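Residue-level structure breakdown
Single-letter residue listing:
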Amino acid sequence: MALLPESDVRRIEATIAKIEAEVDAELVVAVVPRSATHAELRGAAALAITVAAALVAFHYLPRSLDPFVLALELPSFAALFAVLGRPWFQRHLIRARDADETVRAAALRTFAERGVHRTANRTGILVFVSEVERRAVILGDSGVHDVVGDEGWNGHVRTLVSRIGEGRTGDGIVEVLEGLGSALSTRFPAPADKPNELPNAVLRS
């Protein structure tokens, strides 16, 4: 099941448009399936399970079935590799520290590739959510960082991660966007001729 249904996508995009009409900031939301393939972890786990199952089979089954067990090893590995690619399994294969680093690196790439750092007043903000790792990262450019501050960013991340855990990712993103808009509204009111420098569409790949 997708982490973010279409109804939530439309609601988030409408929230971005509303805030940007009132605040001189550019908000970008990215909700991606995963921040890395983690294929090496899946491969190692699938291989370990396949080998363990084969050893048990060789030990307990009649010797006449050994060729049959050997013939099943490759398809068994392939099937396990596919099953372990499911988000729920991958989430339990990844160490917390590795997940944190992987998602942050992906968020930094998105911040750079999508030009969130190139707005006229350096007021770009990225809200990044990765489904498999169930992690969120929020990055703000230099123009808004002093207003929100480290504790402010961290507080918004905690809110978003909490909502993800409750199965309310869309609500969490909207809540964070509205909180950021409120925090920035006094310092950065939108001028009448404010351009839309970055697309409002939620990034999902």
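A brief structural summary. (Residues numbered from 1 in each chain as written. Predicted model: local features only at pLDDT ≥ 70, side-chain atom pairs only at ≥ 80, totals over all residues. Heavy atoms only, no water.)

What about the sheet that holds strand E3 (residues 135-140)?
Across the sheet, which stays open at both edges, the three strands sit in the order E1-E2-E3 with mixed pairing between neighbours. Looking along the sheet, the strands with just one partner apiece sit at the ends: strand E1 (26-32) and E3. If you compare each strand with its neighbour and ignore which way they point, the axes differ by 10° on average. Against the sheet, helix H7 (residues 169-185) touches E1, strand E2 (124-130) and E3, its axis set at about 160° to E2. (Pairing = 2+ DSSP bridges. Helix = DSSP H or I, 4+ residues; strand = E, 2+ residues; numbered from the N terminus. Axes fitted to C-alpha atoms, helices over the stretch in contact; angles between N-to-C directions. Contact = heavy atoms within 4.5 Å.)

Digging into the pairing of E1
Across the seven residues of E1, seven count as buried, placing the element largely inside the fold. Every second residue of E1 is oriented toward a common face, with Glu26, Val28, Ala30 and Val32 on one face and Leu27, Val29 and Val31 on the other, all of them buried. (Buried < 20%, exposed > 50% of the residue type's maximum accessible area, 1.4 Å probe, protein only.)

Remarks on the packing of helix H6 (residues 142-165) against H7
When two helices pack together, their arrangement is captured by the angle between the axes and the distance separating the axes. Direction vectors running N to C along H6 and H7 enclose 165°, while the axes themselves pass 9 Å from each other. Between H6 and H7, the crossing angle belongs to the class labelled roughly antiparallel. Relative to H7, H6 is oriented so that their crossing is right-handed. Mapping the contact onto sequence places Val144, Val147, Val148, Trp153, His156, Thr159, Leu160, Arg163 and Ile164 in H6 and Thr169, Gly172, Ile173, Glu175, Val176, Gly179, Leu180, Ala183 and Leu184 in H7. A breakdown of the residues in the contact of H6 with H7 according to their chemical character gives eleven nonpolar, five polar and two charged. (Parallel < 35°, antiparallel > 145°, perpendicular 65-115°, else oblique. Left-handed = near helix turned anticlockwise from the far one by under 90°. Nonpolar A, V, L, I, M, F, W, Y, C, P; charged D, E, K, R; others polar.)

Focus on the pattern of salt bridges
The tally for this structure, following the rule as stated, stands at twelve salt bridges. A salt bridge links arginine 11 to aspartate 171, with the nearest nitrogen and oxygen atoms 2.7 Å apart. Separated by 160 residues along the polypeptide, arginine 11 in helix H1 (residues 6-22) and aspartate 171 in helix H7 bring together distant segments of the chain. Using a relative accessible area of 32% as the deciding quantity, one classes arginine 11 as partly exposed. You can call aspartate 171 partly exposed: its relative accessible area is 28%. (Salt bridge = Lys/Arg side-chain N within 4 Å of Asp/Glu carboxyl O.)

Observations regarding H7
Here H7 spans 24 Å end to end across 17 residues, near enough to the 24 Å set by a 1.5 Å rise per residue. Considered for burial, the residues of H7 that qualify are Thr169, Gly170, Gly172, Ile173, Val174, Val176, Leu177, Leu180, Gly181 and Leu184. Close packing links the buried residues of H7 with H1, E1, E2, E3 and H6. (Expected span 1.5 Å × (residues − 1).)

Quick look at H6
Taking 1.5 Å per residue as the helical rise, H6 with its 24 residues ought to reach 34 Å, whereas the 30 Å between its terminal C-alpha atoms falls clearly short. Glycine 149 marks where H6 bends most, by close to 80°. Packed against the buried residues of H6 are E2, E3 and H7. Looking at the residues trailing H6, positive phi occurs at glycine 167, about 80°. (Bend = angle between axes of the 7 residues up to and from the residue.)

Digging into the environment of valine 157
Along the chain, the position of valine 157 falls in helix H6. Valine 157 sits 29 residues away from phenylalanine 128 along the chain, and the two C-alpha atoms are 9.7 Å apart. Once residues lying within four places of it in the same chain are set aside, the contact partners of valine 157 are Ala136 and Ile138.

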